[in-house]
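Coordinate analysis (summary)
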Amino acid sequence: MWELATNFTEVLGAVLALLWGLAARWPGRVLVGLGLFAVVIQVGLVGLTWPTGWDFVSNRVVLALPLMLAPSIAVVVLCLPRMEPRWPIQAAAVGALLDFYVVFVDRPAPPYTVNVIVLWAILLGATGLLWWRQGRIRTLPVLAVVVVVLGGAVFYLQRASVLPDRLDMASMTNLDWGGGPVGMGHDHAMRSVTDLVGPVGRADAAFTLVAQEKRITLSSGATVDAWTFNGQVPGPELRVHQGDLVQVTLVNQLKNEGVTVHWHGLDVPNAEDGVAGVTQDAVRPGGTYVYRFRATQAGSFWYHTHQDSYQAVDRGLFGPLTVLPPEEVKGLDIPVMAHEWTTSQGVRTAFGTSDTLRRVAVAPGTPVRLRLVNTSDNTVWGEADKDPRTFVLTGTPFTVAAIDGTDLAGPTPLTDVRLPMGVGGRYDLTFTMPDHPVRLTDLADPGGGLLLGDGPAPAVRSDLPDFDPAGYGAGVPSPFKAFDRRFKLILDDGPAFYDGSLSFPSTINNLLFPDTPMLMVKEGDAVETTFVNRGHNDHPMHLHGHHALVLSRNGEPVQSWWTDSLEILPGQTYTIAFRADNPGVWMDHCHNLKHAFQGMVMHLAYEGVHSPFQMGHQTINRPE
Ligand code: C2O
Ligand code: CU
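This is a predicted model, so every value here is computed, not measured.

Definitions and cut-offs
Residues numbered from 1 in each chain as written. Chains lettered and ligands numbered in written order. Predicted model: local features only at pLDDT ≥ 70, side-chain atom pairs only at ≥ 80, totals over all residues. Heavy atoms only, no water. Helix = DSSP H or I, 4+ residues; strand = E, 2+ residues; numbered from the N terminus. Rg over C-alpha atoms; globule rule 2.2 N^0.38 Å. Buried < 20%, exposed > 50% of the residue type's maximum accessible area, 1.4 Å probe, protein only. Donors = N, O, S within 2.8 Å, 3.2 Å for Na, K, Ca; no water. Pairing = 2+ DSSP bridges. Axes fitted to C-alpha atoms, helices over the stretch in contact; angles between N-to-C directions. Domains from an automatic or database assignment. Contact = heavy atoms within 4.5 Å. Buried area = accessible area lost by both parts, 1.4 Å probe. Salt bridge = Lys/Arg side-chain N within 4 Å of Asp/Glu carboxyl O. Polar contact = N/O pair within 3.5 Å; in protein donor to acceptor, adjacent residues only side chain to side chain. Nonpolar A, V, L, I, M, F, W, Y, C, P; charged D, E, K, R; others polar. 1 Å grid on protein atoms, 1.4 Å probe; cavity = no way out; pocket = protein on both sides within 12 Å on 5 of 7 lines; lining within 4 Å. Points joined across faces, edges and corners; volume = space filled by probe spheres on them. Patch = residues over 30% accessible without salt bridge, like charges linked within 9 Å, V, L, I, M, F, W, Y side chains within 5 Å. Areas by Shrake-Rupley, 256 points an atom, 1.4 Å probe, with all protein chains shown as cover.

A tally of helices and strands in the protein yields 8 helices and 38 strands. Taken over the C-alpha trace, the protein has a radius of gyration of 27 Å; the compact-globule value for 624 residues is 25 Å, and the two agree within 12%. Along the longest, intermediate and shortest principal axes, the C-alpha atoms of the protein span 85 × 60 × 50 Å. Buried residues in the protein amount to 57% of all 624 residues.

Okay, here's the thing in structure tokens:
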């Protein structure tokens, strides 16, 4: 309901502007009647979206509707039935344009004080002028003024959106203290990111990852000009035990591209987090870098470059990272990385490099754990940027034993469900192998997938209900009693310039990086964060260095689970909580990497921690 009504509101905003524009020029009963009718519909549509919550309608109720309603009422009172005087009709055209601007173009986020003042100044100023002229308006000069003003604004916005040559964390000015005590800021350096390193000592597990170019052939024969770790995609599985001190040496043999390694979901010390321009400089071609951290969390994780990640992860610079529990692992325990490859034959959906059905022999009775990772956005099936990648496991009841690397409490067997997953998220699927085949399929390619066991492949159904973690298992009791800080972030999207080009980026509080808020905390704080998705796209929000407990969705409490990559659909509100127990400067971004690339990035910064690194056009670092 939310999505449909909200989309109609935007379309109707354009229709309103057009109708009233025409009515202002030719003020006949038909046009004015249609205009008034459209206003009534617009009010009705906002009424329909009202139950979704105040955060979803506030900019329409506070800003858009009054700007449209006030002149419409003036038209009804003053101009019916003779269509005289004309200035209220012309004022309604101005109001309709401003309505369109609010619901479609600017989409402001609270607080609205400045917006109210500016928009009403425009409406009242224009109305005063029209009243004074008594409707005697020459269309061409008015249009000329509008075009010049709009053109100037567009020119200015384009120039202003170009990212600076050098940008560092200390230059972020939009500090959000979440209602808690305001401190000195993050650039009052007591500690540098570079001091927050992993432990010294002899490593329990040591690996080398060599970034190199290689042409990869998928199982269908389609080829990918890939960027690989160790000549393979995905990169090699790093399989370690809980408690291990892990050392990874990164060697960059790419020709022209910097590289880093980020340990997605592992809450490592900040200096080991692998974000170019925030926790290190990207490793240049020919360079090396050593990461060290203790793998304290058992579970399914993945690693990927965090330099140019929109392009580089897509091309293959990622791999699985598995931290095994102390207990012995029995049976089949494998990572399954769902990825969309850009190949010689177009975009192909695959598990690893298998873009056709792949059979694996498994004896009946074998315990199976599939560590499913979604490494890329869904563009083949459904609408690009929009629907989460969705999987189906057919042939046996199974449990979702873990989400985002953390075991769930009391998971129960599932059958006949679809598994939608945001980018970056992980589901561990466990079952005991039956005496007939089991199939895992990405619905973007219903003919492919992973087929375990002997016998004919079971058919894949897509008309199934979605698995919903919010009502699954026993839930984790919340360790949070009270909060030191509360953040609220409104996610939306609309036309805007970013780094000089016009597109339709997704925004946080109607802002793009580096203007997005920097969430400021002190070590030890209990932090509550609320995400409101008011836009058209889903956003898998990923906070580095911390795990958050999901507390509620759309205002209703959930069976809480720990997450590091939370899929937030249009029309949804999620409240999550985390303990600020890992000092540093941490990226917090949408893992739909296209969105991040277009500015859907913010940071969580601890007071007193500063980063000496820079990003921007004059540096090598481009984290997204
Ligand atoms: Cu998968 Cu910023 O990371
Ligand atoms: Cu997004």
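Further notes follow.
Turning next to the coordination of the copper ion (ligand 2). Here the copper ion (ligand 2) is held by His539 (ND1), Cys590 (SG) and His595 (ND1), and the distances to it run 2.0 to 2.1 Å. Along the chain, the residues that donate to the copper ion (ligand 2) are spaced as H-x50-C-x4-H. Judged on exposure class, the residue Cys590 and its partner His595 are both buried.

Once that is clear, we can look at the sheet that holds strand E21 (residues 438-442). Two strands in a sheet stick together by hydrogen bonds in their backbones, pointing the same way (parallel) or opposite ways (antiparallel). The strand order across the open sheet formed by 5 strands is E14-E22-E21-E16-E19, and the pairing between neighbours is mixed. This sheet does not close on itself; its edge strands, each paired only once, are strand E14 (358-360) and strand E19 (418-421). On average, each strand axis in the sheet is inclined to that of its neighbour by 20 degrees, with strand direction left out of account. Both E14 and strand E22 (residues 450-452) contribute to a ladder of 3 bridges, which runs parallel. Across the sheet, the residue bridging to Val360 is Leu452, located in E22.

Moving on to the domain arrangement of the protein. For the protein, the domain assignment lists domain 1 (2-137), domain 2 (167-195 + 476-615), domain 3 (203-329) and domain 4 (331-467). Computed over C-alpha atoms, the centres of domain 2 and domain 3 are 24 Å apart. Contacts between the two partners involve 26 residues from domain 2, matched on the other side by 22 residues from domain 3. Interface area for domain 2 against domain 3, summed over the two sides, is near 1800 Å², with a carbon-plus-sulfur share of 60%. Taken together, domain 2 and domain 3 are joined by 0 salt bridges. Taken together, the links from domain 2 to domain 3 amount to 15 residue pairs in polar contact (both at pLDDT 80 or more). Going through the elements one at a time, strand E35 (585-590), helix H8 (593-597) and strand E38 (614-615) are the ones with two or more residues in the side of domain 2 that touches domain 3. By residue number, the principal contributor to the side of domain 2 that touches domain 3 is E35, which donates 4 residues. Residue composition of the side of domain 2 that touches domain 3, grouped by class: 10 nonpolar, 14 polar and 2 charged.

The next subject is the layout of surface pockets. Empty space within the second largest pocket amounts to approximately 630 Å³. Contributing to the lining of the second largest pocket are 34 residues, with Pro388, Pro420, Glu567, Leu569 and Gln572 lying nearest its centre. Those elements that place two or more of their residues in the lining of the second largest pocket are helix H1 (2-25), E19, strand E20 (426-432) and strand E33 (565-568). The residue makeup of the lining of the second largest pocket, split by class, is 15 nonpolar, 8 polar and 11 charged.

Moving on to a nonpolar patch on the surface. On the surface, Val43, Leu69, Ile73, Val76, Val77, Leu78 and Leu80 cluster together into a nonpolar patch covering about 560 Å² of accessible area. Examined against the element boundaries, Leu78 turns out to sit in helix H3 (residues 54-79).

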